[in-house]
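Below, each chain spelled out in residue letters.
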Amino acid sequence: MPVLWRGNRNYFEGTSRVTVPVNTKNTAAESATRPSLGAQLLRRKPIGQMVSEAGSSEGGTPLVRSFGVLQLTMISVGATLGTGILVILGESVPLAGPAIWISFVIAGLAALLSAVSYAEMAGLVPVAGSSYSYSYATMGEGMAWVCGWCLVLEYAVSVAAVAVGAGQYVNETLAAFGQFLPDAISQPPGDGGLVNVPAMVIVILAMLLLVRGARESAWINTAIVVVKVGILLFFCAVAFTAFNAGNFEPLLPMGAAGVSAAASSVFFSYIGFDAASTAGEEAKNPKRDLPRAIMLSMVIVTSIYVLVAVAAIGARPWGWFDGTEAALVQILHEITGQPWIALVFSIGAVLAIASIVLTVLYGQTRIMLSMSRDGMVPKVFGRISRRTGTPVAGTLIVGIAVALAAGLVPLGALADATSIGTLFAFALVNVAVIYLRRNRPDLERSFRVPLYPITPILGTLMCAYLMLNLGADTWITFGVWMLVGIAIYFGYGRRNSKVAALSEQDYRELTTRAVSPEPVKAANS
């Protein structure tokens, strides 16, 4: 039976592995049997085929399965717990008053609605493509491409935008020693700079670390996350020495509407929990550990946010936060009177940026690897080095592109549009859970969304609500970004799609025969 992949590929049928001989030439007859555009956009990739390909590459070298639940959890925490917590209280406390901690809980619960859907899908389809692969398995190639293009916005563009802030914090660190970098080389274009050198350096360092190996990158990220968490716990310890319970009265000065508005504002501080789902092919026991890592990361991040909010309000009345930038640094400076506090938090901010850049850049390279397998992007993104067990070429291409964007391109509104791309991907994952529960109830699930179908429906509605609350300019920018993605699909993906290369008969046979495989484990696990 002729099948789309060159050479021999294995796919799962039940618990046994079936080897399918394939044609190695793309003949005119095959091109003639390609489906119509509408049919191609709706073609789904069988889950069994996805998982059987997991870890393979264009050259046949697999990714290395070296991540346990600790490393996977730290990947999600590293991608989520960023510099936002250092400044977000100054923006959100005036909206909610002392009840800001309730806003963090509400936002955490809203994010949890999508997180549990990610946990179910990550355990069911433990591959590197994250929501791109989930969409391909449930909604077809067209929606998968849209989701994949949104993920480029969520990962590559957002990490460039985050790296831009490195210049400011590097200067704050140097200021403690009476030194500084001139704006021309420390600020982004459009903000008085010509090239943002710190931003480019931090991306390049992360790129080189990822090229070296995923295991080394994961351990370094774990160490950075521990330092980040330690700095925030240090803030809480100092802030509680000046705790005044009277600062929590009245609890709701702005009413329930203020708490809701603040929850919408702080929701974006939770984005990043999905990063662990891109490590599905490098986890020792992905079906077990991926759901655990996603849920653990949500518990850790929410607990830290609530603790920081309570400590901050206890230390200063809520009116003090209005118009205050870097509220945490200000509180510590006022309590201790020590100038080195700013130095500690500036170093912490640089580490926070480094951790986000490292984990999100990692996720982007793995998503591109999955898209490459499907013919959606060039094969170079799917080549894995025999020496390092990482997609070296793809990592270099993505890393250099992100570094140039961070250092030379005024991202502006494009960075703001990342929120829509992220929320859209979240919504698709919720829909994917509903689809597979209805159409494939037989599949073995290592984690199940509680209160189905209420939870994924609420998750989808929450994402839609937050998307609609974003400004018109953001939507216009997002629309332009999607038009560019559509052009790329018709220019490359439409012609090179491997699922579309299947004849109708072969596609139907694979779709009906492929079922969920057994969990994939590392040889030494």
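Chemist: Mind laying out the overall build of the protein chain, listing which residues take part and the relevant values?
Modeler: In terms of regular secondary structure, the protein chain is built from 22 helices and two strands. Across the 525 residues that make up the protein chain, the buried fraction comes to 56%. The contacts in the protein chain between residues at least 6 apart in sequence include a share of 81% that link residues at least 24 apart. Element-wise, carbon and sulfur atoms account for 65% of the exposed surface of the protein chain, whose accessible area totals about 20,100 Å².

Chemist: Residues and numbers for the nonpolar core, please.
Modeler: As a rule of thumb, nonpolar side chains are buried together in soluble globular proteins. By size, the foremost hydrophobic cluster in this structure holds 146 residues, and its most contacted members are Leu89, Ile100, Phe104, Phe235 and Val308. When near neighbours in sequence (up to four residues on either side) are disregarded, Phe104 contacts Ile85, Ile88, Leu89, Val266, Tyr270, Tyr305, Val306 and Ala309.

Chemist: Now, about the environment of Phe273: what can you tell me, with residues and values included?
Modeler: Within the fold, Phe273 resides in the loop between helix H13 (255-266) and helix H14 (286-315). Phe273 gets classed as buried once you look at its relative accessible area, which sits at 1%. For Phe273 and Thr80, which are 193 residues apart along the polypeptide, the C-alpha to C-alpha distance reads 5.9 Å. For Phe273, the residues in contact, after removing those within four places along its chain, are Ser76, Thr80, Ala111, Ser114, Ala115, Tyr118, Ile294, Ser297, Met298 and Phe426.

Chemist: Summarise a nonpolar patch on the surface; cite the residues concerned and give the values.
Modeler: Where nonpolar side chains cluster on the molecular surface, the patch consists of Ile185, Val197, Val201, Ile204, Leu205 and Leu208 and spans about 460 Å² of accessible area. If you tally residues by element for the nonpolar patch, the top one is helix H11 (residues 197-212), at five residues. Within the element layout of this structure, Leu205 appears in helix H11. Overall, Leu205 belongs to the exposed group, its relative accessible area being 54%.

Chemist: Describe the environment of Tyr169, listing the residues and the values that go with them.
Modeler: Inspection of the secondary structure assignment puts Tyr169 in helix H9 (residues 166-175). Residues Tyr169 and Phe345 lie 176 residues apart in sequence; the distance between their C-alpha atoms is 8.9 Å.

Chemist: Explain the packing of H11 against helix H17 (residues 392-408) to me, using residue names and the numbers behind them.
Modeler: Running from N to C, H11 and H17 point in directions that differ by 170 degrees, and their axes come no closer than 8 Å. The angle between H11 and H17 places the two elements in the roughly antiparallel class. Only Val392, Thr395, Leu396, Gly399, Ile400, Val402, Ala403, Leu404, Ala406 and Gly407 of H17 make contact with H11, whose side of the interface consists of Ala199, Met200, Val203, Ile204, Met207, Leu210 and Val211. Of the residues belonging to the contact of H11 with H17, the class tally is 14 nonpolar, three polar and no charged.

Chemist: Which residues make up the packing of aromatic side chains, and what values do they have?
Modeler: Within the structure shown, the criterion is met by 17 aromatic pairs. Arranged with centres 6.3 Å apart and planes meeting at 70 degrees, the rings of Tyr118 and Tyr134 form a pair that is edge-to-face. Of this pair, Tyr118 sits in helix H6 (residues 100-124) while Tyr134 sits in helix H7 (residues 131-138); the two residues are 16 residues apart in sequence, bridging distant segments of the chain. Each member of the pair, Tyr118 as well as Tyr134, is classed as buried. On the numbers, 6.1 Å between centres and 90 degrees between planes, the contact of Trp475 with Phe478 is edge-to-face.

Chemist: Give me the lowdown on the packing of helix H5 (residues 84-96) against H13, citing residues and values where you can.
Modeler: Between H5 and H13, whose axes approach to 7 Å, the crossing angle comes to 160 degrees. One element, H5, and the other, H13, form an angle in the roughly antiparallel class. Here the hand of the crossing between H5 and H13 comes out right-handed. In this structure, H5 contributes Ile88, Ser92, Leu95 and Ala96 to the contact, and H13 contributes Gly258, Val259, Ala261, Ala262, Ser265 and Val266.

Chemist: For the side chain of Asn171, give the residues involved together with the corresponding values.
Modeler: Its location among the elements puts Asn171 in helix H9. For Asn171, the contacting residues outside a window of four places in its chain are Gln179, Phe180, Leu181 and Ser186.

Chemist: A description of the confidence of the model for the protein chain should follow, citing residues and the corresponding values.
Modeler: On average, residues of the protein chain carry a pLDDT of 84, and 90% of them reach 70 or more. Contacts of residues 1-30 to residues separated by more than four positions or lying in other chains number 73 contacts, the stretch itself having pLDDT below 50. In the predicted structure, residues 514-525 sits below a pLDDT of 50 and forms 37 contacts with residues beyond four places in sequence or in another chain.

Chemist: Describe the pattern of salt bridges, listing the residues and the values that go with them.
Modeler: Using the criterion set out here, one finds nine salt bridges in the structure. A single network of salt bridges, built from pairs that share partners, joins Glu120, Arg437 and Arg445.

Chemist: So what about helix H21 (residues 472-496)? Which residues, and what values?
Modeler: Helix length check: H21, at 25 residues, gives a terminal C-alpha distance of 35 Å against a target of 36 Å (1.5 Å per residue), a fit within 8%. In H21, a bend of some 45 degrees at Tyr489 exceeds every other bend along the element.

Chemist: Talk me through the side chain of Glu120; I want residue IDs and the actual numbers.
Modeler: Looking at where Glu120 falls in the secondary structure, it is placed in helix H6. A polar atom in the side chain of Glu120 sits 2.9 Å from the side chain of Arg437. Residue contacts for Glu120: discarding those within four places in its chain leaves Val433, Arg437, Arg445, Phe447, Arg448 and Val449.

Chemist: Account for unusual backbone geometry, naming residues and giving values.
Modeler: Residues Glu249 and Pro250 are joined by a peptide bond in cis, for which omega reads -10 degrees. As for its position among the elements, Pro250 is in the loop between helix H12 (214-239) and H13. Here the residue pair Tyr452 and Pro453 is connected by a cis peptide bond, since its omega of 5 degrees sits within 30 degrees of zero. With respect to the element layout, Pro453 can be found in the loop between helix H19 (418-439) and helix H20 (454-468). For Ser130, which is not glycine, the phi dihedral falls at a positive 55 degrees.

Chemist: Any details on the environment of Leu443? Residues and values, ideally.
Modeler: Structurally, Leu443 is set in the loop between H19 and H20. With 319 residues separating them along the chain, Leu443 and Leu124 place their C-alpha atoms 7.8 Å apart.

Cut-offs used in this document
- Throughout this document, residue positions are counted from 1 along each chain, in the order its sequence is written.
- Two thresholds apply to this predicted model, a pLDDT of at least 70 for residue-level local features and 80 or more for giving and counting side-chain atom pairs, whereas whole-chain, interface and lining totals are computed over all residues.
- Heavy atoms from the whole structure form the basis of all side-chain values; hydrogens and water molecules are not counted.
- Strands are runs of DSSP state E lasting at least two residues, helices are runs of H or I lasting at least four, and both sets are numbered from the N terminus onward.
- Only protein chains enter the accessibility calculation, which uses a 1.4 Å probe; a residue is then buried when its area is under 20% of its type maximum, exposed when over 50%, and partly exposed in between.
- Any two residues having at least one pair of non-hydrogen atoms within 4.5 Å are treated as being in contact.
- Per-residue and other accessible areas were derived by the Shrake-Rupley procedure at a 1.4 Å probe size, with only the shown protein chains allowed to occlude residues.
- Definition used in this section: a nonpolar core is a set of buried Ala, Val, Leu, Ile, Met, Phe, Trp, Tyr and Cys residues joined via side-chain atoms within 4.5 Å.
- Nonpolar side chains (Val, Leu, Ile, Met, Phe, Trp, Tyr) are joined into patches within 5 Å and like charges within 9 Å, using only residues with over 30% relative accessible area and no salt bridge.
- Here, a salt bridge means any Lys or Arg side-chain nitrogen found within 4 Å of an Asp or Glu carboxyl oxygen.
- Throughout, an axis means a line fitted to C-alpha atoms (over the contacting stretch in the case of helices), and angles, computed between N-to-C directions, take values from 0 to 180 degrees.
- Here the word oblique covers every angle except those under 35 degrees (roughly parallel), over 145 (roughly antiparallel) and from 65 to 115 (roughly perpendicular).
- For this scheme, ten residues count as nonpolar: Ala, Val, Leu, Ile, Met, Phe, Trp, Tyr, Cys and Pro. Four count as charged, namely Asp, Glu, Lys and Arg, and the remainder, Gly too, count as polar.
- Within 6.5 Å between ring centres, the rings of Phe, Tyr and Trp (the latter by its six-membered ring) count as paired, and their orientation is classed by plane angle as stacked under 30 degrees, edge-to-face over 60, tilted in between.
- By definition, any crossing whose near helix is turned counterclockwise from its far helix by less than a right angle is left-handed, and any crossing with a clockwise turn is right-handed.
- For every residue, the pLDDT score states the predictor's confidence, bounded by 0 at the bottom and 100 at the top.
- For a helix, the expected span equals 1.5 Å multiplied by the number of residues minus one.
- The angle separating two fitted axes, one through the seven residues that finish at a residue and one through the seven that start at it, defines the bend at that residue.
- Within 3.5 Å is the distance limit for a polar contact, defined as a pair of N or O atoms, with the added protein rule that one can donate a hydrogen and the other accept it, and that residues adjacent in sequence qualify only through two side-chain atoms.

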